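Take a look at the letters that make up each chain.
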Amino acid sequence: MRKHIMTQSPNILWFRRDLRVADHPALTAAVESGAPVLCLYIDHDFAGRARGGASKWWLHHSLKSLKADLKSLGAKLHILRGNPDVIIPSLVQEVAASAVHWSRRYDGDSIELDKSIKSTLKDDGIDAHSHSGSLLREPWEVKTGSDTYYKVFTPYWKACLKRDDIGPALPAPKSIDGWNGNIKGAMPIDDLELLPTDPDWAGGFDDPWTPGSAGAHKRLKSFLKNHVDDYKEQRNMAANEHGTSGLSPHLAFGEISPREIWHETHKVGGNTYTFLSEVGWREFSYVLLYHNPKLGSENYKEAFDDFKWQNSKAKLRAWQHGKTGYPFVDAGLRQLWATGWMHNRVRMVTASFLIKHLLVDWRKGEEWFWDTLVDADPASNAASWQWVAGSGADASPYFRIFNPFTQGEKFDPDGEYVKRWVPELSGMPKKYIHRPWEAPDEVLAKAGVKLGKDYPKPIVEHKAAREEALGRYKDSRG
Ligand code: FAD
């Protein structure tokens, strides 16, 4: 090993949102170069903003898992912190590296950063290779007949399926000839201080989640074996923990590739179209982000720029804390706080409630999700918030306002989800669990609920809030 350090120029493999060793084209290329591979992770802002608290929790565990996987193959994971634009060229000099490999990212800030690093390295005569590794297809690959990107999901996905050109998933390297010396400034994962301490709000994350590639593959295997057949019927049922795959944080951190999911799902056959088309929504979100770098901060449809938001801080706070008085909404926000994840149907209902019932700008909700979701993703989060707001591409129209209690009655008919996350309502009968304000006094008394004391009264009245939202929408169109 020492001999390598002294004599052979390493290839640097810069890990980012691709924390795995299997189906990793950049890692495979670095290994196949024949040079020793210096495996590197740099802690820095992501997508132009500070990482959210829940993402940090996930990252800590994911790095530990990657470190162990690399160690078993023969390589050390070197961790640095700071600006990659400075760190990478200086590390290249320090270890006399001959090439740097990474998997592409597609948000505007990362693209700019990568371009800048690539150009510095090229000027210094160093090979800089960016590889595809996070999507089934690059966001510029699939185009309409008029040579533009797709702005509507269904034709986009049909065009993707028609191509039928997803390459095979690459196996993990059998071993890695790791460049395992010491580098300046390297730090242990614990020193990144990614875990919450005072208070440790992540106590409820350990139970549902096993960050890392092994956890991702176990989850995929179990989902495909036991649940994918029921996905179409069960995916909207909020209380069913197995109704959806739960793969989103694993995908967000690149612990499993969409290509692996694609091929493993095809192997089981059967009723998998709906599941794979959701993976397609992730791809489509990246198409939108790539072509609209400000998707997370600016309305895709400019017509929404004139919308008069109320932006009440008190209402935003009540929503964040799951205290709106609408049980299905509150259950979702409390699930999010407790586990770092929320069911997709409930994400739609809670987002619609914030935007349309409480008249809070979708960007405030996007920020909250960014901070609290373990799967916080610059493409899916931005595209989905804009979808709900009606300001996005192929969006749900603004006048589609989810009814927060009938949605609960439809997608949580027994109130099981509400009872799990809003325990103060656990004694309520099914008939009133989604609308406790309609329950007669004796029913409330029997359930041990005093509205306004044990559980809030509705923060806004549904019908009036709906009318107000529609009125403001009409006004903003002039
Ligand atoms: P499954 O139903 O098992 O789907 C499989 C995979 O497909 C998911 O893991 C995910 O990667 C992808 N996927 C599913 N639905 C969508 C979708 N609507 N848009 C894009 N990709 C999808 N997803 C994120 O990964 N990160 C986010 O930050 C995020 N923010 C969201 C914000 C709002 C307001 C809404 C309405 C949705 C958001 N989603 C986000 C999309 C979706 O809710 C989650 O991907 C899904 O709930 C993850 O659960 P799952 O892995 O069990 O999904």
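Visitor: What exactly am I supposed to notice about the site of the ligand here?
Guide: Taken together, 27 residues sit near the ligand, with Tyr231, Thr244, Ser245, Gly246 and Asn344 positioned nearest. At 3.4 Å, a backbone N or O of Arg282 approaches a nitrogen atom of the ligand. One of the side-chain N or O atoms of Arg347 is found 3.4 Å from an oxygen atom in the ligand. About the coverage of the ligand: the protein hides 95% of its 820 Å² of free accessible area.

Visitor: I'm lost on the pattern of salt bridges in this one. Help?
Guide: Pairing between side chains of opposite charge can happen when their charged atoms approach one another. Within the structure shown, the criterion is met by 23 salt bridges. Measuring nitrogen to oxygen at the nearest pair gives 2.8 Å for the salt bridge that ties Arg347 to Asp375. On the criterion of sequence distance, the pair formed by Arg347 in helix H14 (residues 344-357) and Asp375 in the loop between helix H15 (362-372) and helix H16 (378-389) is long-range, its members being 28 residues apart. A single burial state applies to Arg347 and to Asp375, both of which are buried. Salt bridges linked by common partners bring Arg137, Glu141, Arg163 and Asp165 together as one network.

Visitor: Please explain helix H10 (residues 258-268) as it appears in this structure.
Guide: Because each turn of an α-helix spans 3.6 residues, side chains separated by three or four positions in sequence point in the same direction. Along H10, the positions that sit buried rather than exposed are Pro258, Arg259, Glu260, Ile261, Trp262 and Thr265. Contacts made by the buried residues of H10 are with helix H2 (25-32), helix H6 (153-163), helix H7 (213-226), helix H9 (248-252) and helix H11 (273-291).

Visitor: Explain the domain arrangement of the chain to me, please; I cannot follow it from the model alone.
Guide: The accessible area lost on association of the parts is a frequent measure of interface size. By domain assignment, the chain separates into domain 1 (2-133), domain 2 (135-168 + 215-291) and domain 3 (302-473). One C-alpha centre belongs to domain 1, the other to domain 3; they are set 40 Å apart. Surface buried jointly by domain 1 and domain 3 totals about 820 Å² across both partners, of which 53% is contributed by carbon and sulfur atoms. Along the contact surface separating domain 1 from domain 3 lie 1 salt bridge. Between Glu366 and Arg49 there is a salt bridge; the shortest N-O distance is 3.0 Å. The tally of links from domain 1 across to domain 3 stands at 5 residue pairs in polar contact (both at pLDDT 80 or more). Classifying every residue of the side of domain 1 that touches domain 3 by side-chain character gives 6 nonpolar, 3 polar and 4 charged.

Visitor: Got a minute to help me understand the environment of His227 in this structure?
Guide: Within the fold, His227 resides in the loop between H7 and helix H8 (231-234). Excluding its chain neighbours within four sequence positions, the residues that come into contact with His227 are Ser222 and His242.

Visitor: For this particular structure, what's the right way to read the nonpolar core?
Guide: Soluble globular proteins tend to pack their nonpolar side chains together in the buried interior. In terms of nonpolar packing, the biggest core is built from 58 residues, with Trp319, Tyr417 and Met428 touching the most fellow members. The residues contacting Tyr417, other than those within four sequence positions of it, are Ala238, Ala239, Phe328, Ala331, Gly332, Gln335, Met342, Val346 and Asp412. By size, the runner-up hydrophobic cluster in this structure holds 36 residues, among which are Tyr106, Ile256, Phe275 and Leu288.

Visitor: Looking at this structure, how should I read the sheet that holds strand E1 (residues 11-15)?
Guide: The pairing of strands in a sheet comes from backbone hydrogen bonds and takes either a parallel or an antiparallel form. Taken in spatial order, the 5 strands of this open sheet run E3-E2-E1-E4-E5, and their pairing is parallel. Edge strands, defined here as strands with exactly one partner in the open sheet, are strand E3 (77-81) and strand E5 (127-131). Geometrically, the sheet is characterised by an average inter-axis angle of 25° between neighbouring strands, direction not taken into account. Helix-sheet contacts for helix H3 (residues 53-73) involve E1, strand E2 (37-43) and E3, and the interaxial angle to E3 is about 145°.

Visitor: I'm lost on the pairing of E5 in this one. Help?
Guide: Side chains on a regular strand alternate between the two faces of the sheet. Direction of pairing for strand E4 (residues 99-103) relative to E5: parallel, over a ladder of 5 bridges. The partner of Val100 across the bridge, within E5, is Ala128. Following the backbone out of E4, through helix H5 (residues 108-123) and into the adjacent parallel E5, one traces a crossover that is right-handed.

Visitor: It is not clear to me how the side chain of His250 should be interpreted in this structure. Could you clarify?
Guide: Within the secondary structure layout, His250 lies in helix H9. If sequence neighbours within four positions are ignored, His250 has contacts with Trp58, Thr210, Pro211, Gly212, Gly215, Ala216, Arg219, Glu255 and Ile256.

Visitor: Would you explain H7 in this entry?
Guide: Its 14 residues place the ends of H7 20 Å apart at the C-alpha level, agreeing with the 20 Å of an ideal helix rising 1.5 Å per residue. Buried within H7 we find Ser213, Gly215, Ala216, Leu220, Phe223 and Leu224. The arc that holds every buried residue of H7, seen down its axis, measures 160°, which confines them to one face. Residues of H7 that are exposed and point more than 90 degrees away from the buried face comprise Ala214, Lys218, Lys221 and Lys225. Buried positions along H7 lie against H3, H8, H9, H10 and H11.

Cut-offs and rules
- Residues numbered from 1 in each chain as written.
- Predicted model: local features only at pLDDT ≥ 70, side-chain atom pairs only at ≥ 80, totals over all residues.
- Heavy atoms only, no water.
- Near = heavy atom within 4 Å.
- Polar contact = N/O pair within 3.5 Å; in protein donor to acceptor, adjacent residues only side chain to side chain.
- Areas by Shrake-Rupley, 256 points an atom, 1.4 Å probe, with all protein chains shown as cover.
- Salt bridge = Lys/Arg side-chain N within 4 Å of Asp/Glu carboxyl O.
- Helix = DSSP H or I, 4+ residues; strand = E, 2+ residues; numbered from the N terminus.
- Buried < 20%, exposed > 50% of the residue type's maximum accessible area, 1.4 Å probe, protein only.
- Contact = heavy atoms within 4.5 Å.
- Domains from an automatic or database assignment.
- Buried area = accessible area lost by both parts, 1.4 Å probe.
- Nonpolar A, V, L, I, M, F, W, Y, C, P; charged D, E, K, R; others polar.
- Core = buried A, V, L, I, M, F, W, Y, C linked by side-chain atoms within 4.5 Å.
- Pairing = 2+ DSSP bridges.
- Axes fitted to C-alpha atoms, helices over the stretch in contact; angles between N-to-C directions.
- Right-handed = clockwise from strand over helix to strand, strands pointing away.
- Expected span 1.5 Å × (residues − 1).
- Arc of directions from axis to C-beta.

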